[in-house]
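The residues making up each chain are set out below.
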Amino acid sequence: MSAAEEAAKENTRGLKLREERLRSRLADTLEALDLRRREFFDVGHQLKTHSRPLVYAGAGLLVVLGIRAGVKAYRAYDCRQHKNRELWLAAKRLWDHPEKLLR
């Protein structure tokens, strides 16, 4: 073999080795991306990973709902109390001024 043929074989071997390393890196990168994709869409994994913020969000939601229910209950009670007071005042006006009923 001549020196040129030997240099070409060595160059080919170097290129094949470089190609193999690049393929290996690409395969590792694709495998890592696939693992991240599976973890991202895995609900169980997400619940394990982010359990504390989910608990805080759930507790916050319960607090907000409790406050809202309390405000609604208070308003209903206050409205009922207001109606009762108005009814009592109307009855008192009727008792004090029966002549105004016919107007």
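The written sequence of each chain sets the order in which its residues are numbered from 1. Predicted model: local features are reported for residues with pLDDT of at least 70 only, side-chain atom pairs are reported and counted for 80 or more only, and whole-chain, interface and lining totals are derived from all residues. Values shown for side chains rest on all heavy atoms present in the structure; no hydrogens or waters enter the calculation.

## What to know about the overall build of the protein
Right, on to step 1. Counting from the N terminus, the helices are the DSSP runs of H or I reaching at least four residues and the strands are the DSSP runs of E reaching at least two. When helices and strands are counted, the protein shows 3 helices and 0 strands.
Right, on to step 2. Secondary structure elements of the protein occur, N-terminal to C-terminal, as α-α-α.
Right, on to step 3. C-alpha atoms define the radius of gyration, and 2.2 Å times the number of residues to the power 0.38 defines the globule rule. Rg of the C-alpha trace for the protein: 41 Å, well past the compact-globule value of 13 Å for 103 residues, more than 25% over.
Right, on to step 4. Relative accessibility decides the category of a residue: with a 1.4 Å probe and only protein chains considered, values under 20% of the type maximum give buried, values over 50% give exposed, and everything between is partly exposed. Buried positions account for 0% of the 103 residues belonging to the protein.

## What to know about the pattern of salt bridges
Right, on to step 1. Salt bridge, as used here, is a side-chain nitrogen of Lys or Arg placed within 4 Å of a carboxyl oxygen of Asp or Glu. Summed over all chains, the structure comprises 4 salt bridges.
Right, on to step 2. Here arginine 13 makes a salt bridge to glutamate 10, at a shortest N to O gap of 3.2 Å. You can see arginine 13 and its partner glutamate 10 sitting in helix α1 (residues 3–41), 3 residues apart, about one turn around the helix.
Right, on to step 3. A residue is classified by how much of its surface remains accessible, and glutamate 10, at 48% relative accessible area, is partly exposed.

## Re the environment of histidine 45
Right, on to step 1. Following the sequence through the fold, histidine 45 ends up in helix α2 (residues 43–49).
Right, on to step 2. Owing to a relative accessible area of 28%, histidine 45 belongs among the partly exposed residues under this scheme.
Right, on to step 3. Taking C-alpha positions, histidine 45 is 54 Å from histidine 82, a pair spaced 37 residues apart along the chain.

## Considerations on the packing of aromatic side chains
Right, on to step 1. Stacked, edge-to-face and tilted are the three classes for Phe, Tyr and Trp ring pairs, Trp counted by its six-membered ring, which pair at centre distances within 6.5 Å; planes under 30 degrees apart are stacked, over 60 edge-to-face, the rest tilted. With the rule as written, the count across this model stands at 1 aromatic pair.
Right, on to step 2. Ring geometry for phenylalanine 40 against phenylalanine 41: centres 5.1 Å apart, planes inclined by 85°, an arrangement best described as edge-to-face. Of the two residues examined, phenylalanine 40 and phenylalanine 41, each falls in the exposed class.

Note that all results are geometric; they support no functional claim without further evidence.
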